[in-house]
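# Architecture and fold: a report
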Amino acid sequence: MAYKRFTDRLPIIPADAQERNVTCHYCIVGCGYKAYTWPLNRQGGGAPSDNKFGVDLTRQQPTETEAWYAPSMYNVVKQDGRDVHLVIKPDVNCAVNSGLGSVRGARMAENRRSDITGTQQQRLTEPMVWRYGTWQPTTWADALDLVARVTARVIDMDNEDDLFVSMFDHGGSAGGYENTWGTGKLYFDSMKVKNCRIHNRPAYNSEVHSTRDMGVGELNNAYSDYEITDTMVLVGTNPLECQTNLFLNHMIPGMRNGARVVIIDPRRTVTVNACEEAAGAENVLHLQIAPGTDLAVANALFTHIADQGWVDSDFIAASTFADGVAQAVDEAHPTALGSFEAAREECRMSAADAAAICGVSEADIIKAAEWIARPHDDGTRRTCAIAYEKGVIWGNDNYPTVGALVNIALATGNIGREGGGVCRLGGHQEGYFRPSDAHVGRPAAYLDQLIIGGQGKVHHIWANDHYKTTLNASEFKRVYNRRSNMVKEAMDARAGTTREELVDAIVGAIEAGGIFSVNVDVIHSQIGQAAHVILPAVESGEMNLTSMNGERRLRLTEKYMDGPGSSKPDCLIAAGIAQHLERVLREEGRDAYADRFTGYDWQTEEDAFVDGYQTGNPEVTYDRLRAMGNNGVQEPVTGYADGKLVGTNRLYADGVFNRHGREDGKALFCLGAWRGLQAPGKAQQQANHRFLINNGRSNLNWQNWFLDQDNDFAIDRFPLPFIQINPEDAADLGVKSGDMVEVYNDVGATQAMAYLEPTARPNETFMLFGAPSGAQGNVINPGVNELVLPNYKQTWANIRKIADPSPAAEKISFKSWEVEL
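The following refers to the structure shown.

Quick notes on the rules
Note on numbering: residues in each chain are counted from 1, in written sequence order. Under the rules for a predicted model, residues below a pLDDT of 70 receive no local features and side-chain atom pairs below 80 are neither given nor counted, while totals for whole chains, interfaces and linings still include all residues. Hydrogens and water are ignored here; the side-chain numbers use all heavy atoms of the structure. By the criteria applied, helices consist of DSSP H or I runs no shorter than four residues and strands consist of E runs no shorter than two, each listed in order from the N terminus. Polar contact is defined as a pair of N or O atoms within 3.5 Å, subject to the rule that within protein one atom must be able to donate a hydrogen and the other to accept it, and that residues adjacent in sequence are counted only when both atoms are side-chain atoms. Every residue pair with non-hydrogen atoms within 4.5 Å of one another is taken to be in contact. Strands were regarded as paired on the criterion that DSSP finds at least two bridges between them. Between N-to-C directions, angles span 0 to 180 degrees; the directions come from axes that are lines fitted to C-alpha atoms, helices contributing only their stretch in contact. Throughout, exposure labels follow a simple rule: accessible area from a 1.4 Å probe, protein chains only, divided by the maximum for the residue type, with under 20% read as buried, over 50% as exposed, and the rest as partly exposed. Side-chain rings of Phe, Tyr and Trp, where Trp is taken by its six-membered ring, are said to pair if the distance between their centres is within 6.5 Å; with planes under 30 degrees apart they count as stacked, over 60 as edge-to-face, and otherwise as tilted. Should the NZ of a Lys or the CZ of an Arg lie within 6 Å of a ring centre and within 35 degrees of the ring normal, that charge is described as sitting over the ring. Here, nonpolar core means buried Ala, Val, Leu, Ile, Met, Phe, Trp, Tyr and Cys residues that are tied together by side-chain atoms lying within 4.5 Å of each other. Salt bridges are defined by distance alone: a side-chain nitrogen of Lys or Arg within 4 Å of a carboxyl oxygen of Asp or Glu. Oblique is the label for any angle not covered by the other classes, which are roughly parallel (under 35 degrees), roughly antiparallel (over 145) and roughly perpendicular (65 to 115). Handedness of a helix crossing follows the sense of rotation of the near helix relative to the far helix, less than a right angle counterclockwise being left-handed and clockwise being right-handed. When residue character is reported, Ala, Val, Leu, Ile, Met, Phe, Trp, Tyr, Cys and Pro are called nonpolar, Asp, Glu, Lys and Arg charged, and the others, Gly included, polar.

So, on to the side chain of Asn249. Tracing the backbone shows Asn249 in helix H6 (residues 244-256). Reaching out from Asn249, the side chain makes a polar contact with the side chain of Ser98 at a distance of 3.0 Å. Excluding residues that lie within four positions of it along the chain, Asn249 makes contacts with Ala95, Val96, Asn97, Ser98, Leu100 and Glu227.

What follows is the structure, encoded as structure tokens:
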């Protein structure tokens with residue numbers, strides 16, 4: 001941030017500063033931090049009794065001292081209406097990160113809104129309603145009344161299909177058990193909304209249907225398993241970049257303890273490089289497959305392991321289904337599920353055939369199988385921890401590909417075992433607790449395409465920005481702008497009329513093809529530009545919030561500051577909508593329907609927690625979580641004893657698999673054969689365009705940059721979204737680093753800053769996902785799998801130069817990401 005560039009002094013944290021537990025609200029790893037606050041006109045001293053750490057600060061501190069914090073960890077914020085110092089620094093006693101801070105988490109303090117230092121001034125502070133041709137600030141009562149009256153006009157007790165909802169399903173910054181319960185109770189209990197979608201995909205569905213259908217929850221191991229495993233298999237994931245302290249604090253120690261690493265990824269990522277540095281290149285095998293061929297190589301590994309007899313026969317007999325097909329292919333199951341032998345035959349893929357499909361050597365596939373499952377010289381079985389993420393989840397043929405990885409883990413008995421697991425590494429933290437969503441159906445509605453097709457009359461949006469993070473984004477934005485503008489024009493034409501007349505005008509525009517948009521968020525987002533009502537939410541730390549990380553570690557982040565203006569927790573916003581709907585429905589004489597919206601008399605987020613999560617987990621309370629500190633408790637929580645919550649270190653240690661709900665507790669294998677590029681239009685797009693436009697995250701920028709847009713530290717490094725491109729390809733296009741290029745195909749176009757990267761393969765590029773000034777979704781076609789999982793990764797387009805480097809780009813470094821440590 002600009003005001004910190006020349007900071008040479010920071011206040012000493014006094015001994016009596018308030019201390020609160022904080023879980024970093026960015027990635028799923030959920031590193032532990034401590035938040036310290038104290039009055040603005042005071043600071044501590046150098047004597048041990050005068051500072052929070054009880055050390056002599058008049059002396060030089062050791063390299064890894066706890067008594068230190070960076071300018072990025074400091075700010076001045078409001079607490080109970082008064083300005084206070086704030087320091088948020090890593091907790092050295094947290095088992096997740098052991099005092100490490102990522103480039104995201106270590107900026108939590110400077111990414112808080114401050115009227116003193118000027119940070120995050122783009123945060124929403126008051127509700128706004130479209131009036132007189134712009135957004136006008138107003139009261140909660142006025143905004144929620146309009147939302148309720150328009151919503152009530154288009155729904156009825158037995159027909160709520162004209163209300164479309166986009167909502168988060170995660171923990172962290174905008175989610176947590178409190179907020180998923182508030183929104184879930186409103187839309188799935190008081191109502192039965194079926195036309196809904198999740199924050200990062202265009203339908204209300206799981207990203208990992210197959211592993212759950214097989215009986216295996218996707219977060220089943222402990223982070224400590226990476227420290228003791230024989231082999232790590234990383235598929236379509238880049239943990240150094242995206243789960244930094246899981247990699248540094250758990251995977252690197254595992255490599256130093258002798259673990260080998262198999263990486264399956266078409267891109268040479270910074271993770272590949274770091275693993276070679278930490279484990280030695282001889283202990284790292286990078287299967288640099290052709291994009292989208294993960295299923296072929298996974299099936300080949302499964303086949304070779306089975307044919308060599310490197311399976312856990314006792315585990316297969318005791319814990320897996322044994323008789324053919326248990327679940328046939330149907331609309332909800334793209335592949336059959338059943339026994340080990342049935343899967344072995346259906347998935348059969350030789351190493352030679354896989355090598356031809358994937359573009360890697362047959363010998364390397366066999367070597368990977370040996371590293372995964374060949375017994376030790378003394379006959380004992382190898383442990384193997386398999387980790388996968390968006391490269392597979394958002395890649396080609398999601399359902400059988402995820403299932404193929406679970407097949408390998410089941411066959412080798414590596415689920416529920418120390419040093420094992422087959423887990424997604426995750427994006428956000430988790431915090432899902434909602435009523436049943438069975439009414440949504442499977443496959444769920446493809447919401448974005450329904451909107452493009454003219455369906456939906458009212459759209460409630462919670463912490464989503466489809467404009468930046470959906471597929472077929474160019475078409476979606478064009479249609480959404482047109483439809484929402486119809487309503488804006490109607491509202492402008494009826495300015496100065498009564499509320500009833502205004503609602504009539506809005507409904508008239510809706511019936512003519514418009515859509516009424518309500519946006520709940522922390523900033524004025526791109527899709528929020530189309531909204532008619534904007535409701536300001538708070539974030540983690542501005543409310544008490546519970547969530548769990550990638551090893552199911554449940555913690556309470558304690559509120560340490562006020563939210564901006566009159567912003568509220570999402571759960572209380574949902575309660576407000578419900579209360580106003582009840583009032584409006586009673587005014588209209590629809591009492592039976594109004595009765596469904598009772599039970600929202602929450603005053604705090606803890607009330608929502610008690611109403612929701614605690615009903616299913618009565619032993620878990622805020623006070624008990626607070627006492628557990630930043631180490632929390634691993635879910636599922638099984639009890640409370642000796643003053644502590646009792647949890648579960650890893651799932652399925654008893655060999656009983658229950659995620660699918662089968663009474664027999666037997667895991668199922670996935671019968672998913674290789675079938676090429678599965679999503680409609682992908683093969684044709686590949687044939688017609690030169691470049692693969694792969695996409696993902698960078699360590700520096702989180703998700704859709706929602707807070708980074710006003711943070712100099714991030715924007716100075718990447719003022720524009722980059723696209724990594726092979727230097728020879730760039731020369732062929734007449735492009736140099738820093739040039740602005742246009743990426744275009746038959747779907748749409750977007751722009752990016754060229755970044756010449758020698759590790760990029762010819763005709764394969766990598767672009768940041770979700771950037772505000774270069775939406776990669778503009779060039780992704782609408783093709784999804786049978787369960788409406790988007791294939792963001794397999795996209796092809798052409799590239800051309802449109803401008804020389806901007807002044808902002810001329811001063812930044814374009815060094816290769818391949819470094820020697």
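Looking now at the sheet that holds strand E19 (residues 545-548). Two strands in a sheet stick together by hydrogen bonds in their backbones, pointing the same way (parallel) or opposite ways (antiparallel). Strand order in the open sheet formed by three strands is E19-E20-E21, and the pairing between neighbours is antiparallel. In this open sheet, the two edge strands, each paired with only one partner strand, are E19 and strand E21 (633-634). As defined by bridge partners, strand E20 (residues 553-557) adjoins E21 across two bridges and the pair is classed as antiparallel. The residue of E21 that forms the bridge with Leu554 is Val633. Along the sheet, helix H2 (residues 176-190) contacts E19 and E20; its crossing angle with E19, the most-contacted strand, is approximately 100°.

Ordered by their spatial adjacency, four strands build an open sheet running E1-E2-E4-E3, and the pairing between neighbours is antiparallel. Strand pairing shows two members of the sheet lacking a second neighbour, strand E1 (18-23) and strand E3 (74-79), which therefore form its edges. In this sheet, adjacent strand axes meet at a mean angle of 35° when their direction is disregarded. Pairing of E1 with strand E2 (residues 32-39) involves six bridges; the strand directions are antiparallel. Within E2, the position partnered with Arg20 by the bridge is Ala35.

This part covers the pairing of strand E26 (residues 722-725). Side chains Phe722 and Gln724 project from E26 onto one buried face, and the interleaved Ile723 and Ile725 project onto a second face that is buried too. Bridge count for E26 against strand E29 (residues 764-768) is two bridges, and the pairing is antiparallel. Residue pairing for E29: Ile723 is matched across the bridge by Met767.

Any two aromatic rings considered together are summarised by their centre-to-centre distance and by the angle between their planes. Enumeration according to the criterion identifies 29 aromatic pairs in this entry. Centroid distance Phe476 to Tyr480: 5.4 Å. Interplanar angle 20°. Geometry classified as stacked. Highlighted residues: Phe476 and Tyr480, both in helix H17 (residues 473-493), separated by four residues, approximately one helical turn. An identical accessibility class is assigned to Phe476 and Tyr480; each is buried. Judged by centre distance (5.3 Å) and plane angle (25°), the ring pair of Phe609 and Tyr613 falls under stacked. Taken together, the ring pairs connect Tyr177, Trp181, Phe433, Phe609, Tyr613 and Tyr622 into an aromatic cluster. If you follow Lys390 out to its NZ or CZ, it ends over the ring of Trp394, 4.9 Å from the centre. The side chain of Lys568 reaches across the aromatic face of Trp140, ending 4.6 Å from its centre.

Looking now at the environment of Ile780. Looking at where Ile780 falls in the secondary structure, it is placed in the loop between E29 and strand E30 (796-803). Residue Ile780 is classed as buried on the basis of its relative accessible area, which comes to 0%. Those residues in contact with Ile780 that lie beyond four places of it in its chain are Leu471, Asn472, Lys682, Val747, Asn791, Tyr792 and Thr795.

Next up on the list: the nonpolar core. Counting 217 residues, the largest nonpolar core has Leu146, Tyr187, Met191, Leu410, Trp462 and Phe516 as the members making the most contacts within it. Per element, the largest residue contribution to this core is 10 residues, and it comes from helix H19 (residues 570-587). Each residue touching Leu146, except ones within four places of it in the same chain, is listed here: Val129, Met491, Arg499, Leu502, Val503, Ile506, Phe516 and Val533.

Per the counting criterion, the structure on display carries 61 salt bridges. Its salt-bridge partner being Arg268, residue Glu276 comes within 2.6 Å of it at the nearest N-O pair. For the salt bridge of Lys801 with Asp804, the shortest nitrogen-to-oxygen distance reads 2.6 Å. Taking the relative accessible area as the measure of exposure, Lys801 reaches 34% and is therefore partly exposed.

Right, let's get into the packing of H17 against helix H18 (residues 499-511). Across the interface, H17 lies against H18 with an axial gap of 9 Å and an inter-helix angle of 150°. One finds that H17 runs roughly antiparallel with respect to H18. Relative to H18, H17 is oriented so that their crossing is right-handed. Listed contacts from H18 to Met486, Val487, Ala490 and Met491 of H17 are Leu502, Ala505, Ile506, Ala509 and Ile510. Looking at the contact of H17 with H18 residue by residue, the class counts come to nine nonpolar, no polar and no charged.

Just geometry here; none of it tells us what the structure is for.
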